[in-house]
Amino acid sequence: MGCITADTIAVLVLDLPDLDLDDNYTECDGETFILTTMVNADSYSWSNGDMGPSFSSMTAGNYTLTATIGVCTLEGDFDLAFVAPPTVDLGADQTACTGDIIVLNAGQDGTWQDGSFSTVFSVTSSGLYIVEVSEGNCATRDSVQIDYLDSPVFSLGANETACEGESLTLTAPINLGTWTWEDGSMDTTRLFNTSGLYWLEVTAANGCSTRDSVAYTFAPLPILDLGMDTTVCDNLAFQLKPERG
């Protein structure tokens with residue numbers, strides 16, 4: 001007669017989560033890299049000595065996370081690298097004259113204070129201008145103050161036409177600063193009797209200059225011919241008819 005013995009065992013297979021670590025991470029030089037796992041575990045052990053769901057380091061290298069869930073152990077590793085943030089220099093604060101255009105250059109595409117994305121930004125008014133450039137997850141900002149000074153405001157008037165033998169007069173606005181005419185003179189008033197383009201440049205005490213020009217045209221006089229001298233009798237009519245030469 002044979003003997004039979006039976007026994008049973010219960011086996012529980014746990015559905016373990018994924019540590020969900022990337023192979024590589026980067027951080028900016030001088031910053032602290034922080035990584036937090038979303039896995040709920042009984043214990044955590046990072047190879048740098050951190051204990052808990054969060055890891056932090058300012059040193060590049062290869063790191064490992066070991067997580068324990070019950071009797072099961074999960075393990076994953078990753079590389080951490082530190083990169084230099086991008087450099088950007090908009091230069092020193094500037095002063096310009098009204099009407100000037102200053103082109104700021106970030107050296108690479110960046111986001112400017114108005115939200116635009118470009119390498120360069122054209123400035124026409126006073127203000128603080130800011131650009132932010134990025135490389136990976138590293139960003140660097142720089143700013144520059146631009147102040148505009150008033151330029152002299154004046155006008156030489158409209159273009160004019162006159163007859164030969166006449167003259168036209170221009171007077172410099174002496175209350176606005178120093179001035180120079182197109183011929184290099186610094187006369188307060190000038191008389192013109194020949195056709196040409198004439199300009200005046202005025203420089204204010206702040207160093208800003210404005211130039212305006214005017215075109216003068218002197219038209220030739222018409223030539224009239226009444227004919228030869230003649231003698232007529234006093235009881236006869238004589239008709240004069242001017243002829244244009």
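Read on for a plain summary of the structure.

Procedures and definitions
Residues numbered from 1 in each chain as written. Predicted model: local features only at pLDDT ≥ 70, side-chain atom pairs only at ≥ 80, totals over all residues. Heavy atoms only, no water. Pairing = 2+ DSSP bridges. Helix = DSSP H or I, 4+ residues; strand = E, 2+ residues; numbered from the N terminus. Axes fitted to C-alpha atoms, helices over the stretch in contact; angles between N-to-C directions. Disulfide = S-S within 2.5 Å. Core = buried A, V, L, I, M, F, W, Y, C linked by side-chain atoms within 4.5 Å. Buried < 20%, exposed > 50% of the residue type's maximum accessible area, 1.4 Å probe, protein only. Contact = heavy atoms within 4.5 Å. Salt bridge = Lys/Arg side-chain N within 4 Å of Asp/Glu carboxyl O. Patch = residues over 30% accessible without salt bridge, like charges linked within 9 Å, V, L, I, M, F, W, Y side chains within 5 Å. Areas by Shrake-Rupley, 256 points an atom, 1.4 Å probe, with all protein chains shown as cover. Lys, Arg positive; Asp, Glu negative; His and termini not counted. Charge placed at Lys NZ, Arg CZ, Asp CG, Glu CD. Phe/Tyr/Trp six-rings, centres within 6.5 Å; stacked < 30°, edge-to-face > 60°.

## A look at the sheet that holds strand 9 (residues 117-123)
- Strand order in the open sheet formed by five strands is 7-11-10-8-9, with mixed pairing between adjacent strands. Both edges of this open sheet fall to strand 7 (94-97) and strand 9, since each of them pairs with a single strand only. Each neighbouring strand pair of the sheet contributes to a mean axis angle of 30°, computed without reference to strand direction.
- One ladder, built from nine bridges, connects strand 10 (residues 127-135) with strand 11 (residues 138-149); its direction is antiparallel. Each residue of the ladder has a partner; that of Gly127, found in strand 11, is Ile146.

## Remarks on the state of the cysteines
- Summed over all chains, the structure comprises two disulfides.
- Through a disulfide, Cys28 is tied to Cys138; the S-S separation comes to 1.8 Å. The S-S bond linking Cys28 to Cys138 shows a torsion near -125°; that makes this disulfide left-handed. Highlighted residues: Cys28 in strand 1 (residues 24-28) and Cys138 in strand 11, separated in sequence by 110 residues.

## Some thoughts on the nonpolar core
- One finds Phe33, Leu35, Phe55 and Phe78 to be the most contacted residues of the largest nonpolar core, which totals 18 residues.
- Going through the elements one at a time, strand 2 (33-36), strand 3 (43-46), strand 5 (61-69) and strand 6 (72-83) are the ones with two or more residues in this core.
- Discounting residues that sit within four places of it in the chain, Phe55 has contacts with Phe33, Ile34, Leu35, Trp46, Asn48, Asp50, Tyr63, Phe78 and Leu80.

## Considerations on the pattern of salt bridges
- With the rule as written, the count across this model stands at four salt bridges.
- Of the charged contacts in the structure, one is a salt bridge between Arg190 and Asp183, with a shortest N-O distance of 3.2 Å.
- For Glu201, the salt bridge identified is with Arg211, shortest N-O distance 3.1 Å. Pair noted here: Glu201 is in strand 16 (residues 196-203) and Arg211 is in strand 17 (residues 209-219), with a separation of 10 residues, a long-range link.
- Given the relative accessible area of 26%, Glu201 is considered partly exposed.
- Residues joined by salt bridges that share partners form a network here, namely Glu182, Asp183 and Arg190.

## Notes on the environment of Thr161
- Looking at the secondary structure, you find Thr161 in strand 12 (residues 160-163).
- The class for Thr161 is exposed, based on a relative accessible area of 60%.
- For the pair Thr161 and Thr66, spaced 95 residues apart in the sequence, the C-alpha separation amounts to 94 Å.

## Points about a negative patch on the surface
- The grouping of Asp18, Asp20, Asp22, Asp23, Glu75, Asp77 and Asp79 at the surface amounts to a negative patch.
- In this fold, Asp22 is placed in the segment before strand 1.

## Notes on the packing of aromatic side chains
- Per the stated rule, a full pass over the model turns up 14 aromatic pairs.
- Look at Trp46 and Phe55: their rings are 5.2 Å apart centre to centre, the planes differ by 40°, and that puts the pair in the tilted class. The pair Trp46 / Phe55 is uniform in exposure class, with both members buried.
- Ring centres of Phe55 and Phe78 lie 5.4 Å apart, and the angle between their planes is 85°; on these two criteria the pair is classed as edge-to-face. In this pair, Phe55 is assigned in strand 4 (residues 54-57) and Phe78 in strand 6, connecting sequence segments 23 residues apart. Each member of the pair Phe55 and Phe78 is classed as buried.

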